[in-house]
Structures are given as structure tokens and as C-alpha cells.
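Listed here are the chains, written in short residue letters.
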Amino acid sequence: MNNFSSKFAAGLVSVLLAAGSGSVFAEDSSKPIVIPTHNWSSQVVMAYVIGGMFESMGNNVEYVPADSQAVYEAIRNGDITISHEVWQSTFGKSFYNAMAQGGVIDAGTHAAATLEELGVPGYVVEENLCPGLPSWEALENCAEVFATADSGGKGRILEGPQSWHGDEMPNRINALGLGDKYVVKFAGSADAIWAELASAKKAGRGIITFNWTPNFTDADGFQFIEFPPYYDGCRIVDGGDSRCGSPKGWLKKAANYAFPKTHPAAYTAFSKLSFTTRQIGQMAALVDVDKMSHEDAAKAWLAANEDVWKPFTQ
Ligand code: TMO
């Protein structure tokens with residue numbers, strides 16, 4: 001062999017070796033990607049949507065029910081791989097606390113903007129059941145409109161499960177001087193909020209509940225109450241006085257720091273993934289309006305939206 005052809009042959013051998021060993025692209029580990037499920041519908045449907053997307057790429061997935069605050073510590077220590085709905089208002093603090101200790105990475109932001117806030121069904125405003133809503137100051141004059149059998153003559157504010165915000169809502173109501181007129185009750189589940197909203201609507205009754213957007217209720221005109229604007233540090237837990245509403249926030253994705261190394265293809269897809277307000281509202285509606293199981297809702301959503309999610313995997 002002359003010098004040229006021996007160099008050529010050596011080059012060819014190394015190209016063939018590289019292709020054969022798969023060293024051009026690192027392959028995803030066959031270890032399962034662990035996806036948490038929490039206690040509101042879009043999050044559970046989206047867990048199965050993302051799991052289905054990973055499976056379409058040849059990955060193994062596992063689902064574990066997890067507390068929605070403690071999950072960030074579980075991601076940090078690697079017991080759970082991702083969180084796909086990090087809502088700024090409710091989970092921003094736990095997310096950044098875990099990140100500051102090392103082990104959690106920010107895997108990007110969904111297109112959907114978020115709000116997690118107290119509000120009333122559209123008819124409460126349209127029928128003027130509490131004049132001045134959606135401004136919070138209107139609440140001072142209509143506690144009796146929102147009274148229930150168990151509220152001791154005060155107006156009832158139906159907060160979500162206490163695992164979401166601890167005492168932030170009672171703190172806020174007291175800080176705004178509404179504590180002697182309103183009582184905050186915690187719902188046992190998101191379903192309990194939807195059941196209360198449905199029975200109030202049937203009776204044409206006033207009701208105040210915690211709710212959020214994106215959600216299935218976006219489609220029926222739920223109105224959020226306008227509280228004094230949020231600013232960093234305004235909550236009692238952050239050193240403030242809690243005289244503030246919730247932030248108009250982001251919706252992020254989080255991952256264990258090793259995920260890009262162990263599953264580079266899945267991580268790349270997860271990092272590209274971004275859902276809109278409409279898409280997340282659809283995921284919730286398949287369960288809360290159409291009464292499908294979370295798994296079936298995810299299958300239906302994946303089948304109807306290949307044009308949305310396939311590009312994330314490519
Ligand atoms: C976290 N959540 C969407 C229930 O406010």
C-alpha cells in the first residue's frame with residue numbers, strides 16, 4: 001500500500017468502527033425515566049403524554065405518585081427524573097430551593113403563561129351577585145353571598161388542597177383585613193372544587209374558589225379576582241406581609257442534572273417540548289369534562305396531536 005491508500009484505509013476503518021459502535025450519537029440508557037403524577041388533571045394527563053412520547057423513542061418509563069412540593073427534592077436526589085409542570089406561584093420556591101442545593105436543572109419553559117388565583121364563575125360577575133367584582137375590594141361588602149352551611153355566617157373561600165400553598169391564602173385574607181368576614185376552607189382534592197362549582201352553578205349561587213389557568217375552566221369564563229399586584233418577597237413565607245395576589249407566572253420543566261447524560265435523546269425532546277394554554281386546557285378537559293381516565297386521555301391526545309409532539313422527538 002502506498003502512503004495515500006494506507007491513510008485512506010485507516011480512515012475508513014475508524015469511520016466504520018464509529019458507526020458500528022454507535023459512538024456518533026450517545027444512546028439513551030434503558031433505565032426507566034421516572035415521571036411523577038400529582039393531584040390535578042392536566043399534570044397527570046401530561047405525565048402520560050410525555051411518557052408516551054418517550055416510549056415512541058424507545059425509552060422505558062415509570063410513573064410514581066408524588067407530593068407536588070416534595071417532588072423537587074426527589075428530582076434533586078435522582079429518585080424522580082423530571083417535573084413537567086412547575087407552576088411559578090405554587091412551586092417556584094421549592095424548585096429553586098432544590099436547585100440551589102445542586103442536582104436540579106431548568107429544562108425550559110412552556111409557551112403557556114399561568115395564573116393560580118381565587119376567582120368566581122362568570123355568572124357571579126355577569127349577574128352582579130357581588131357588585132365591584134373582579135376587584136378584591138368588592139369582597140368587603142358581600143360575605144353573605146358566599147356563605148355556606150359550614151362557614152359560620154362568614155363568606156367561604158374554597159382553597160385547593162393544603163399541600164399546594166400551605167397557609168398562604170388564609171394569611172392573605174387576614175392581611176387584607178377580610179379575616180372577620182371570610183373563612184378559608186381547604187378542599188380535599190381538585191375534584192371537590194369542580195363538584196362545588198357545578199352545584200353552585202346549578203343553584204345560581206355565589207362561590208369563590210381557588211383555580212388556575214391553563215385549565216378546562218378557561219372555556220367557561222371563570223373570572224379571577226384582582227388582588228393587589230404580586231411582587232417578589234410579598235408573601236409572609238418570603239418575609240413580606242402577604243398583602244398581594246398571585247404572580248402572572250411561568251410554567252417550567254425541571255429535570256435531574258444527570259438526565260441529559262443518561263438519556264440524551266429523551267432529554268433533548270423534553271427540553272424542546274412546550275405546550276400552549278389551549279393544549280394544556282384540552283388535556284384537563286378530556287378528564288374533567290369528558291370523564292376519560294388519565295391514561296386514555298393521554299392516548300387520545302397523542303393520537304390527535306402527532307403534528308405537535310413528533311417534532312419534539314426529532
Ligand atoms: C398547581 N396548580 C395548577 C394546582 O395550581
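Remember, predicted model here, so these are calculated numbers, not experimental data.

Regarding the packing of aromatic side chains
Any pair of aromatic rings gets described here by the distance separating the centres and the angle formed by the planes.
Part 1 of the reasoning: For the structure on display, the rule yields 20 aromatic pairs.
Part 2 of the reasoning: On the basis of an interplanar angle of 70° and a centroid distance of 6.2 Å, the ring pair of Phe54 and Phe259 is categorised as edge-to-face. Taken together, the residues span a long stretch of sequence, with Phe54 in helix H2 (residues 41-56) and Phe259 in helix H9 (residues 259-262) at a distance of 205 residues.
Part 3 of the reasoning: Ring centres of Tyr72 and Phe95 lie 6.1 Å apart, and the angle between their planes is 65°; this geometry places the pair in the edge-to-face category. Note that Tyr72 is positioned in helix H3 (residues 71-76) and Phe95 in helix H4 (residues 88-100), a separation of 23 residues in sequence.
Part 4 of the reasoning: Chaining the aromatic ring pairs together yields one cluster made of Trp40, Tyr72, Phe91, Phe95, Tyr96, Trp164, Trp194, Phe210, Trp212, Phe216 and Trp250.
Part 5 of the reasoning: Across the ring face of Trp250, the terminal group of Lys252 is positioned such that the distance to the ring centre comes to 5.3 Å.
Part 6 of the reasoning: Sitting over the face of the ring of Phe270, Lys253 holds its NZ or CZ atom 5.7 Å from the ring centroid.

Here we look at the domain arrangement of the protein
Part 1 of the reasoning: If you check the domain split of the protein, you get domain 1 (30-112 + 249-313) and domain 2 (115-238).
Part 2 of the reasoning: Each of domain 1 and domain 2 has a C-alpha centre, and these two points are 28 Å apart.
Part 3 of the reasoning: Listed by partner, the interface residues are 18 residues for domain 1 and 18 residues for domain 2.
Part 4 of the reasoning: Buried area between domain 1 and domain 2, both sides added, is near 1500 Å², and the carbon and sulfur share of it is 52%.

Quick notes on the side chain of Glu116
Part 1 of the reasoning: With respect to the helices and strands, Glu116 occurs in strand S5 (residues 115-120).
Part 2 of the reasoning: A polar atom in the side chain of Glu116 sits 3.2 Å from the backbone nitrogen of Ser89.
Part 3 of the reasoning: Beyond its immediate sequence surroundings of up to four residues, Glu116 is in contact with Trp87, Gln88, Ser89, Thr90, Phe210, Asn211, Trp212 and Ser246.

Here we look at the pattern of salt bridges
Part 1 of the reasoning: In the structure shown here, the tally under the stated rule is seven salt bridges.
Part 2 of the reasoning: Salt-bridge contacts for Glu117 lead to Arg172; the nearest nitrogen and oxygen are separated by 2.7 Å. One end of the pair, Glu117, is in strand S5; the other, Arg172, is in helix H7 (residues 168-175), and 55 residues separate them in sequence. Across the pair, Arg172 and Glu117 agree in class, each one buried.
Part 3 of the reasoning: Residue Glu168 pairs with Arg235 through a salt bridge whose shortest N-O separation is 3.9 Å. Taken together, the positions of Glu168 in helix H7 and Arg235 in the loop between strand S9 (223-224) and strand S10 (251-256) put the pair 67 residues apart, joining distant regions of the chain.

Examining the nonpolar core
Part 1 of the reasoning: Core analysis: the largest hydrophobic core is formed by 88 residues, its most contacted members being Phe54, Phe146 and Phe275.
Part 2 of the reasoning: The element that contributes the greatest number of residues to this core is H2, accounting for nine residues.
Part 3 of the reasoning: Two domains each donate at least three residues to this core, and these are domain 1 (30-112 + 249-313) and domain 2 (115-238).
Part 4 of the reasoning: The contact partners of Phe54, leaving out residues within four places of it in the chain, are Ile33, Ile35, Asn59, Val61, Ile82, Phe259, Ala266 and Phe270.

Re the sheet that holds strand S7 (residues 182-186)
Part 1 of the reasoning: One open sheet holds the five strands; their spatial order is S7-S6-S8-S5-S9, and the pairing between them is mixed. With partners counted over all chains shown, the strands left at the sheet margins are S7 and S9, one partner each.
Part 2 of the reasoning: Here strand S6 (residues 155-159) runs beside strand S8 (residues 208-213); their pairing, made up of two bridges, is parallel. Its bridge partner being in S8, Leu158 is matched across the sheet by Thr209.

Considering the sheet that holds S10
Strand pairing in a sheet is mediated by backbone hydrogen bonds. Such pairs are either parallel or antiparallel.
Part 1 of the reasoning: Here three strands make up an open sheet; going across it, the order is S3-S10-S4 and the pairing antiparallel. Of all strands in the sheet, those bounded by a partner on one side alone are strand S3 (82-87) and strand S4 (104-109). Neighbouring strand axes in the sheet, compared pairwise and without regard to direction, differ in orientation by 30° on average.
Part 2 of the reasoning: Looking at chain direction, S3 and S10 are connected through four bridges and run antiparallel. Following the sheet pairing, Ile82 is matched in S10 by Ala255.
Part 3 of the reasoning: With respect to the sheet, H4 is in contact with S3, S4 and S10, its orientation differing from that of S3 by roughly 130°.

Structural notes on the packing of H2 against helix H10 (residues 264-272)
Part 1 of the reasoning: Running from amino to carboxyl end, H2 crosses H10 at an angle of 140°, the nearest separation of the two axes being 10 Å. Judged by the inter-axis angle, H2 sits oblique to H10. Crossing of H2 over H10 shows right-handed handedness. Counted together, Ile50, Met53 and Phe54 of H2 and Ala266, Ala269 and Phe270 of H10 form the full contact between these two elements.
Part 2 of the reasoning: Here the contact of H2 with H10 is composed, by residue class, of six nonpolar, no polar and no charged.

Cut-offs used in this document
- Residue indices begin from 1 for each chain and proceed along its sequence in written order.
- In keeping with the model being predicted, local features are shown solely for residues with a pLDDT of at least 70 and side-chain atom pairs are shown and tallied solely at 80 or more, while totals for entire chains, interfaces and linings include all residues.
- Values shown for side chains rest on all heavy atoms present in the structure; no hydrogens or waters enter the calculation.
- Working definition: a ring pair exists when centres of Phe, Tyr or Trp rings (six-membered ring for Trp) sit within 6.5 Å. Plane angles under 30 degrees give stacked, over 60 give edge-to-face, the rest tilted.
- Here a strand is any run of E in DSSP of at least two residues, a helix any run of H or I of at least four, and the numbering for each starts at the N terminus.
- Here, over-ring charges are defined by two tests on the NZ atom of lysine or the CZ atom of arginine: distance to the ring centre within 6 Å, and angle to the ring normal within 35 degrees.
- Each domain span listed reflects an automatic or database assignment of domains.
- Throughout, a contact is declared for two residues whenever any of their heavy atoms are within 4.5 Å.
- Accessible area, probed at 1.4 Å, shrinks when two parts are joined; the buried area is that loss added up over both.
- N or O atoms closer than or at 3.5 Å make up a polar contact, with two conditions inside protein: a donor-capable atom paired with an acceptor-capable one, and, for residues adjacent in sequence, both atoms drawn from side chains.
- By definition here, a salt bridge exists when the distance from a side-chain nitrogen of Lys or Arg to a carboxyl oxygen of Asp or Glu is within 4 Å.
- Buried means the residue's accessible area, taken with a 1.4 Å probe over protein chains only, is under 20% of the maximum for its type, while exposed means over 50%, and partly exposed covers the values in between.
- We call a set of buried Ala, Val, Leu, Ile, Met, Phe, Trp, Tyr and Cys residues a nonpolar core when their side-chain atoms join them within 4.5 Å.
- Following DSSP output, two strands are said to pair if at least two bridges run between them.
- As a rule, the C-alpha atoms of each element are fitted with a line to give its axis, helices using only the stretch in contact, and angles between N-to-C directions run from 0 to 180 degrees.
- Each angle is binned into one of four classes, with values under 35 degrees roughly parallel, values over 145 roughly antiparallel, values of 65 to 115 roughly perpendicular, and all other values oblique.
- In this scheme the handedness of a crossing depends on how the near helix is turned from the far one: anticlockwise by less than a right angle means left-handed, clockwise means right-handed.
- Three classes are used, and their members are as follows: Ala, Val, Leu, Ile, Met, Phe, Trp, Tyr, Cys and Pro are nonpolar, Asp, Glu, Lys and Arg are charged, and the others, Gly among them, are polar.

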